[in-house]
Each structure stands twice: as structure tokens, then as C-alpha cells.
Amino acid sequence: MSSEEQGLPALEVPPSTRAAPRGLPARFFDSDLWYSFRSSRLVVLAGIVTLLMVGAALLAPLIAPHDPYDLRALNLMDSDLPPAWVQGGDPRFLLGTDDQGRDILSTILYGTRSSIAISVLAVLLAIGIGVSLGLVAGYFGGIADTIIMRIADVKLTFPAILVALLINGIAQTLFRGRLGGAEFWILVLSIGLSFWVQYARTVRGMTLVEKNKEYVQAARLIGMSRTAIMFKHVLPNVLSPVLVIGTINLALAIITEATLSFLGVGLPPTEPSLGTMIQIGNKYLFSGSWWMVAFPGVTLAVLVLAVNLLGDWLRDALNPKLR
Amino acid sequence: MLAFTIRRLLEAAVVMLTVALLAFVLFRFVGDPINQMVGQDTSIAEREELRQRLGLNDPVLVQFGRFIWNAARYDFGISYQVKRPVTSLIAERFPATFELALTAALFAVLLGIPMGVYTGIHRDSWLSKLFLSVSLVGISLPTFLIGILLIYVFAVQLGVLPSFGRGEVVRIGGWTTGLLTASGLKALILPAITLGLFQMTLVTRLVRSQMLEVLRTDYIKFARARGLSDRAVNFGHALKNTLIPVITIIGLQLGAIIAFAIITETVFQWPGMGLMFIQAVQNADIPVMSAYLLLVAFLFVLINLIVDLLYVWIDPRVRIYGREA
Amino acid sequence: MMAEPPVLSVRNLRVEFPTRRGTLLAVDDISFDIAAGEVLGIVGESGAGKSLTGSAIIGLLEPPGRVAGGEIRLGGRRIDNLSREAMRPIRGKRIGMVFQDPLTSLNPLYRVGDQIIETIRTHLPLGEREARARAIELLTEVGIQGAERRIDAYPHEFSGGMRQRVVLALALCAEPELIIADEPTTALDVSIQAQIIQLLKRLCRERGTAVMLITHDMGVIAETANRVAVMYAGRIVEIGPVREVIQSAHHPYTRGLMGSIPSLEGTSDRLTQIPGSMPRLTAIPKGCAFNPRCPLAFDRCRVERPDLMAVDHSLAACWLVAREGAEAPR
């Protein structure tokens, strides 16, 4: 029920934002989006945490005390050391070491880097596929629409993690033994391909609505091509829900990547991601080496939580009709 | 009503056929089945003979037909890995996964719905905020991490619950159950919580947002304006309207639970279909993968069908006009 | 000898909405009475505060909205300070409410009979069977043919007009002293509107029920109300007998509204005669809130806010009234 119907005067557009056009930054900082961001301390915290973690991940080669990928630098004598502040810890390894003698802190930095890179690329891939298919299905309709939406139905039959596992399994079979280095891209592909349906459905629905609006009809009348109309007029309108789904999906992609790696079909132990680290650490849990699981686990949880909080906030602030 | 049921059955058949096609392509074209079945020292002639015998030289359409015919008779071929019929593997593994998934689903629904209703009605109470914070953490913690955490606390530190396996099972006909022994039940607790927690948070959040939406509707306002008690409004009028869309999602989630069981079963070494599937993926055991795929799709389609028919039973609008697309 | 207290008496009611840009005064210091059997029309544009006044009376303001001041009395007893629990038996039993959209006022999952019986049994000590008999009686009374059968139908099996009749039956089922009808005909076809209004009028006259009729449609008011209150930007700007307000309005805004009574041909082109639109509550002008749109505004209107002043049998909040004495501007 709109405030209008409830008898409330329209409050959505306060007069101050209706002032003469100003620069984009000024408009952003006066927007409802920025207001709702600032008004929740939790969301601000989530934003800061996300930025810090992304920053640390990007700068991993510069700030990590050790290089976990350099196998020669590893010393088995250093393996299984607890964090520095625990008895038996070594000040060189702040958060302890794993079974190979790798510094946990450095590995977390590099692992977060891989996790974020894979997830972001996967979500971009999903957006690319989903948005294009959704636009095509919605704008052209007919047989293209039927085929795309049937595929989407079948895809919905399987949860993302299962699709990712299947694609991963197929890739492993096809490249049996010759995978060297391709795991990264297989992960991107399998996660990306398991997430596109939501975008396709949303974009298709919105395209159907947009295409019958007067401005699109008008653009057609003045002789714009269908493709041009789609990209110039319809696409911008579907961006905000895509942004919301994208953020929420990013958290899901991080979880999926970690899960695949944990299940042993992700990144190899020589280039550990957070999931791989947890998988390795899990084996040593019973012998009391809690730090091998705890630190990557907490990092993963905090990262996902922060991204989820941002996603929730975006959804509420932009409030497109999403489920 | 009959037309509606028939239409839904047809749609289900189309989905199943598509999945079958996928499974067939997987089965037939990903990796050479012959290479997987025979040893290094098998001669080319022998291979060709086997190829002929298995019908791999027939036209693809004939092979597809045979694949479907076999699948319909519940025959998915021989596992490359353990050299046994896939169906007997599944028969062995299915009860474990079924009991785990069912317990997890019950846990998720029986806790998730009341929590969702409570947080929907008492939006600003501290308990609601607690529930919501817990649910956000629950949604952010990957399943396997929850499992590891539970194992660490209850198996490693406290030593009160087992960390792997099904415990003692009882065989009843072709079914093995862990529900009848103390050790079987104890073994079920941690995996079921691990598998159900994420679903529970989903249900809680879904019920809450649906409840909030329903509580804003005119008919709820009108019900209040007629002086009905809070109980009648919240539980009589709002809850029923809330649960209708929730049923659909819960139905979809049941399918997801079976798939998510893969992770839980790996963490707890639970001898179910998920563990079988992940081993198949790691070993490129294509027949097991395609059979699992078909089975999950079948369960999913079946659940969906049941949900749709439930819908008709609950919602009078649908009962008369058929469900809108 | 003490006069009978009015059914509803509202004094200096204020409704506030705290928002991020300060607190909005959505209903600002309004007062009125409704006597038994009387129909008071409340008219104004969307956002004038009409519906909020109704919600405040029945105690169903949606948070963060709240009653910030004033008194509401029902049959002489204050109800604005009652607890949630104490207010509930009043809703439905002593105050009935009818909403705008009959399509959404009824719960789609319950038979209409069950909704009526539920309401009857909440307020009256009747058994299931008696309540059902009464429900059938009520449905017949509101003009539903074959009520014995239709009572077991679901809301979607009724047309819009029929559903509004069901809603009326629901509002009346415990014989309330007051009915608040919030835009009861706005969502209906023009041809159905008149039937529903006639029905509402007849039912309330027979029972002696007081009616607060909220609408933006002066035509409905002219046909139904005994008195009318005109609201603008949260305040009553004019209140008086319906004939006087319609034929010789004292406030320029009311006169503008009169131009919006639809002609026989129907299509109501609201407020064609008033330039501009009502101010947002965030930006109410200094002085008289109407002054920027008023063709007759003079200096005082832009500086000082007028209160209601007696003129003829009405009250009007306009400086013209004060300037020209008792003689209303023509």
C-alpha cells in the first residue's frame, strides 16, 4: 500500500532532492541510498570490513609476511606450529602454520585473494549470461523465450552447488590429469553457470514490462533498431535489481567456491583458497590443531557476513520487487 | 482441476526428459565408456566387440531411447569405480540420505516457521532481533564450517556425540534405519542440525518477510478494525495467507536439502548418496553421476507436483481457476 | 437538563509522523462532533489527513504514526488513551469501519460467512448456529440474493459491488454506534457507487448509526452527508451544514472543491479550478497553508495562520471571514 493511499502525503521525494541538478557526487551523498547507508552502523561496519578484506586480498603479495606458493621456502620443521601467542608458537608465524609449514596468515591473505577473484568473476559471468539471455527472451519473445525459459526451469531443478559440482566433474573428466592451472577457470565457469537463471528471469520479467512502455514505443517510432533500444533504454532499467542480486550472489559464490574447494574439487592444495585451507585443517582437528581451521573459517564467515549485510541493505534501500 | 493436473504432469515429463537427455549426453559423450570399463591391456578387437555388445555403435537416437527405457526400468548401468550396478549402490545409500534429509527438513520447518512468525509479529522485540542476527549468521556460515564447528565442540571438546558415520543401523527388508537405535539417533543429531540450519534460516526469513507483507494487507487491517483478537488476526487470518507461498519454497528447498546433503555427508562421512556422488565426481564415475542427477531431478519434480496439488487444496482461488503461471 | 453527549467527539486531535527529516504533523489540531444518526462528511485531497483521522479514532494508526495530542470521546468516554486490549472490544462492536477497496478488504482464503460469523461471535454472546442465522439475515439485508447459499462462497466469487455489500454487513454486524467509511465507493464503478451510498445511508438511518464518511468526492458528500468538514494540509478549514457549505462556502478552497462536483455526465475532473497542488507536509507555507494557491489571498494570509471562525451556521478558517465580518464573500 502506498503512502498516498494511506492518506499520507507523498514523502518519497523530499523537496531538498528536487533542487536544481547538481553534480553526481553531491546527488549521491544527498540520496536516500547514502542516507540509509549512514543510518545503520552495522552496514557501515560491513562496508568497512569488506573494503579492508578486499584491500588486504589485493595487496597480499605486498603485505603477506611469507609466500605460501613458494614451495622451496617451506620447511617441514615449521609445520603444525600454533599461533605466536600460544605456548610453542613462533613469532615468525603470527597465526601459526599448517601441516606443510606454511604461514597461516599469509595463506589466508592469498586464499582470500583467490576466493574473491573467483567469486567476482563467476558473478560477472552469471550476470553476463543471465542478463543477455533475459533481455533476448523478454524482448524478442517467441521461440527464443520458450527455449531459454525451459532451460531455466530445468536448471532450477538443481541447486547451484550441484550444478557447479556437475560441471566441475565433467571438466575433471574431460581434462583428466591435464588440468594444470585450469582449476581457477573451471571454478569460475562452474559457479558462473550455476547462478545465471535468477538474472535471466528477473531481467526477462522487467523487459516485458519496459518494452510496452511509451518511451520504448516512441524510440521505435523514431526508427531506433531493436538492439539499440534494448541496450540504450531497457538495460539501464534492469540494472538496480541486477546489482542487488549480484551482491547477494557474491556472498553465495564465495560460499560455493569454498564448498567446492572443501569437497576437494576446487583449487589444489598448492594454491590454497579458504575452502582448501579448511579442508586441510579439518584433518588435523582431532589432533588439537584448531588454528588451521579456525582462522580461515573465521575469515570466510566474516567476509560472507559482511557481503550479505551489504546485499540486504542494498535490497532494502533500492527495494525492487525481489524475492 | 483434471486439466490442471494433466498440464502439470506434462510439464513435469518435459523437465524429466530434458534432464534425461543431459544425463545421457553426460553418460555417453563425456569420456569414453569403454576406456573406463576395460583395462590397459585390452585389445582393440576386444574393445570393438564390447562396443558392439553394449550397443554403442547404434544410432544416437536409438541409444537415447535405450537409455530412457533402462532408466524407466531403474537400470543405470555399472559403476566404473566399484564395478557394481549403480542401482544397487543407490539402494544401499538411499535410506541414509533419506533419513538425514527428512530429519533436517523437519528441524528446519518446525523451528523456522515459529521463529519466522514470531519475528514477523513482534518486529521490534529483542528476541526477534536475536533470531534475525542468528539467522543472518546462519546464512553466512557455509554448511561445512557449521559441521566442523559442531564436531569440534560436541565430538572433540565435549565428546558427547559421534563425529562420523550412522552409528548402529537396523535392517528392515531392503531398508536400513538408524532411527531405532540409541547410537543411530545420536549419530543423526549433528548431521541433521548441520544440514537443517541453513534451511531453517531460509524458512525463518521467508516466513517473516511473507508475514510482514500479509500483515500490511487491507484484509488484516479490516480484521483488526472488526475487533478480532490478536490471536485470531495473527494465527487465523495472517498465518494461512503467509504459509501458501511458503509451502512452495519449502517444497523447492526439500530438493535442495538432498543436494546439500552432499556437503554434510562429506563432513560427517555419512554413508549416503551425497558421499557416493562426491566420490563419483572425484573419480569421474559417470554412470553414478548421471543416475544421481536423474534421481535428484525426479525427486524434485515429484515434490513440485505434490506442492502444486497441495496449493489447489489450500487456496480456494486456485481451486476454481487453476493456478496462474 | 444535560444534553445527550455526541456519539463521537474529537477535540484538538494531532497526529504526528516522525521521519528522518523531522516530525511531520499530518493531522493538526482538529475538532468535530458527530451526533447519533448524523452523517459527517470529511472531504479533501489525498494527503489532507482524512484517512489518518479515521485511523486515529479507531486506534489503528500505523507506526510510526501516533496521536500526539487532543482527545477522542466515544459516547462521552475517552478512548484515545485506552490500552490496546481495552480498545479491541470497541472496534467492530461500537465503531465499525469500511475501507476503500472491497477487493482487498476480505481475506481471500476464508468463506465470507466464516468471516462474518467470526466477527459476530467475537462481539456478541451467540452460538455458531445463531451467528450463522444472523449472518444470513445481514447478508439479505445488504441486498445479497440467495444469502443462504452465498454465505458459503469465497470473496473472489463476488463482484466488487457485492463484496462492498459484504464489507458493510461485516461493519454492521455488531450494531455499532459509529461507522467510519473511508472512501467506501472510490474503487467501485460509477453505477454501483450510488447503490452502495444509498445502502449505507438507509442502514444507518434505520439503526440511528452515526457515520463519518471520508471521501474526496464532493458529489458523494452532497448526496449523503448532513454536515461536512473540509480538510486541507492536516487542518479543518471549513465545517458546517452540507447545504450551506455547498451553496455558499466561506473558504476559497471549499469553493474550489465545489467546482469538482461531477456533472451528470460523470467524469470527475478533480480540482480543475484550483491551480497548483497541496503543499507537502515538509513544506507547509507560512500563514494560511492555502495562501499560495488562493486567488483572494492578501498580506495577512501570508503571515498569520487563521483559526476557525464562526460565520452563518459554519466555521471557516479564513481571514476573509474576519475582514468582511459576518458577511461571507461572494
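Source: prediction; values computed, not measured.

Description of the sheet that holds strand β1 (residues 8–19) of chain C
All names here are of chain C. Across the sheet, which stays open at both edges, the four strands sit in the order β2-β1-β4-β5 with antiparallel pairing between neighbours. The sheet is open, and its two borders are formed by β2 (22–34) and β5 (77–78), each paired with just one other strand. In terms of strand pairing, strand β4 (residues 66–74) meets β5 through two bridges, oriented antiparallel. Each bridged residue has a counterpart across the sheet, and for Leu-74 the counterpart in β5 is Arg-77.

Looking at the nonpolar core
The biggest cluster of nonpolar side chains holds 137 residues, and the ones touching the most others in it are Phe-158 and Leu-300 of chain A together with Phe-144, Phe-277 and Leu-294 of chain B. The biggest single contributor to this core is helix α10 (residues 226–262) of chain A, with 14 residues. Counting contributing residues per domain, this core is built from domain 1 (2–72) and domain 2 (87–282) of chain B, each supplying no fewer than three. Contacts of Leu-294 of chain B, omitting those with residues within four sequence positions, involve Met-16, Val-19, Ala-20, Ala-23, Phe-67, Ala-71 and Phe-76 of chain B. Grouped together as the second largest cluster of nonpolar side chains are 109 residues, Phe-222 of chain B together with Val-7, Ile-57 and Ile-95 of chain C included.

Points about the packing of aromatic side chains
For the coordinates displayed, the defined rule picks out 17 aromatic pairs over all chains. Taken together, a centroid distance of 5.2 Å and an interplanar angle of 65° make the contact between Tyr-253 of chain C and Phe-290 of chain C edge-to-face. Of the two residues, Tyr-253 of chain C is situated in helix α11 (residues 252–258) and Phe-290 of chain C in the loop between α11 and α12 (299–303); the sequence distance between them amounts to 37 residues. The burial state of Tyr-253 of chain C is the same as that of Phe-290 of chain C; both residues are buried. One aromatic cluster is present, built from ring pairs that chain together Trp-290, Trp-291 and Phe-295 of chain A. Note that Lys-240 of chain B overlies the ring of Tyr-110 of chain C, its terminal NZ or CZ placed 4.9 Å from the centroid.

A look at the interface of chain B and chain A
Listed per partner, the contact involves 47 residues of chain B and 40 residues of chain A. Carbon and sulfur atoms make up 78% of the surface buried where chain B meets chain A, a total of about 3,700 Å² over both sides. On the chain B side of the contact with chain A, Ser-140, Phe-144 and Ile-148 of chain B bury the most area, a combined 14% of that side's loss. Inspection of the chain B/chain A interface yields one salt bridge. A salt bridge links Arg-205 of chain B to Asp-312 of chain A, with the nearest nitrogen and oxygen atoms 2.9 Å apart. For the interface between chain B and chain A, the tally reads two residue pairs in polar contact (both at pLDDT 80 or more). Elements represented by at least two residues in the side of chain B that touches chain A include exactly α1 (2–29), α6 (126–140), α7 (143–157), α8 (182–215), α9 (218–225), α10 (230–268), α11 (273–283) and α12 (286–314) of chain B. The element that contributes the greatest number of residues to the side of chain B that touches chain A is α10 of chain B, accounting for eight residues.

Topic: the sheet that holds strand β9 (residues 227–232) of chain C
All names here are of chain C. A sheet is described by the order of its strands in space; here eight strands give the open sequence β6-β7-β8-β3-β9-β10-β12-β11, paired in mixed fashion. Both edges of this open sheet fall to β6 (95–98) and β11 (309–311), since each of them pairs with a single strand only. When strand polarity is set aside, the average angle formed by the axes of neighbouring strands in this sheet is 20°. Two elements, β11 and strand β12 (residues 314–316), share three bridges in a ladder whose sense is antiparallel. Bridging across to β12, Ala-310 finds its partner in Leu-315. Seen against the sheet, helix α1 (residues 50–58) touches β3 (39–43), β6, β7 (178–182), β8 (210–215) and β9 and runs at an angle of roughly 145° to β8. Here helix α7 (residues 160–172) sits on the sheet and contacts β6 and β7; the angle it forms with β6, its principal contact strand, is near 165°.

What to know about the domain arrangement of chain B
Per the domain assignment, the segments of chain B are domain 1 (2–72) and domain 2 (87–282). Using only C-alpha atoms to locate each centre, domain 1 of chain B and domain 2 of chain B end up separated by 35 Å.

So, the confidence of the model for chain B
Detailed reading of the predicted coordinates is not advisable wherever pLDDT falls low. All names here are of chain B. The share of residues in chain B with pLDDT of 70 or more is 94%, and the mean pLDDT across the chain is 83. By mean pLDDT, helix α13 (residues 316–321) is the weakest element of chain B at 58, and helix α5 (residues 86–121) is the strongest at 90. Across residues 320–325 the pLDDT falls below 50, and counting only partners more than four positions away or on other chains, this stretch makes ten contacts in the model.

Structural notes on a nonpolar patch on the surface
All names here are of chain B. A cluster of nonpolar side chains, namely Phe-98, Leu-102, Leu-106, Leu-110 and Trp-175, defines an oily patch on the protein surface of about 470 Å² accessible area. Looking at the nonpolar patch element by element, the count peaks at four residues for α5. Assignment of secondary structure puts Leu-110 in helix α5. By relative accessible area, which is 58% here, Leu-110 ends up exposed.

Concerning the pairing of β6 of chain C
All names here are of chain C. Both faces of β6 are covered, namely the face carrying Ile-95 and Met-97 and the face carrying Gly-96 and Val-98. Alignment of β6 against β7, held across four bridges, turns out to be parallel. Paired with Ile-95 across the bridge in β7 is Leu-178.

What about the pattern of salt bridges?
Residue and element names in this part refer to chain C. This model, assessed by the stated rule, comprises 29 salt bridges over all chains. For Asp-33, the salt bridge goes to Arg-11, with nearest N and O atoms at 3.1 Å. On the criterion of sequence distance, the pair formed by Asp-33 in strand β2 and Arg-11 in strand β1 is long-range, its members being 22 residues apart. Of the charged contacts in the structure, one is a salt bridge between Arg-132 and Asp-152, with a shortest N-O distance of 3.1 Å. Of this pair, Arg-132 sits in helix α5 (residues 128–141) while Asp-152 sits in the loop between α6 (147–150) and α7, and the two are 20 residues apart along the sequence. A relative accessible area of 29% means that Arg-132 is categorised as partly exposed.

Criteria and cut-off values
Residues numbered from 1 in each chain as written. Chains lettered and ligands numbered in written order. Predicted model: local features only at pLDDT ≥ 70, side-chain atom pairs only at ≥ 80, totals over all residues. Heavy atoms only, no water. Pairing = 2+ DSSP bridges. Helix = DSSP H or I, 4+ residues; strand = E, 2+ residues; numbered from the N terminus. Core = buried A, V, L, I, M, F, W, Y, C linked by side-chain atoms within 4.5 Å. Buried < 20%, exposed > 50% of the residue type's maximum accessible area, 1.4 Å probe, protein only. Domains from an automatic or database assignment. Contact = heavy atoms within 4.5 Å. Phe/Tyr/Trp six-rings, centres within 6.5 Å; stacked < 30°, edge-to-face > 60°. Lys NZ or Arg CZ within 6 Å of the ring centre and 35° of its normal. Buried area = accessible area lost by both parts, 1.4 Å probe. Salt bridge = Lys/Arg side-chain N within 4 Å of Asp/Glu carboxyl O. Polar contact = N/O pair within 3.5 Å; in protein donor to acceptor, adjacent residues only side chain to side chain. Axes fitted to C-alpha atoms, helices over the stretch in contact; angles between N-to-C directions. pLDDT = per-residue confidence, 0-100. Patch = residues over 30% accessible without salt bridge, like charges linked within 9 Å, V, L, I, M, F, W, Y side chains within 5 Å. Areas by Shrake-Rupley, 256 points an atom, 1.4 Å probe, with all protein chains shown as cover.

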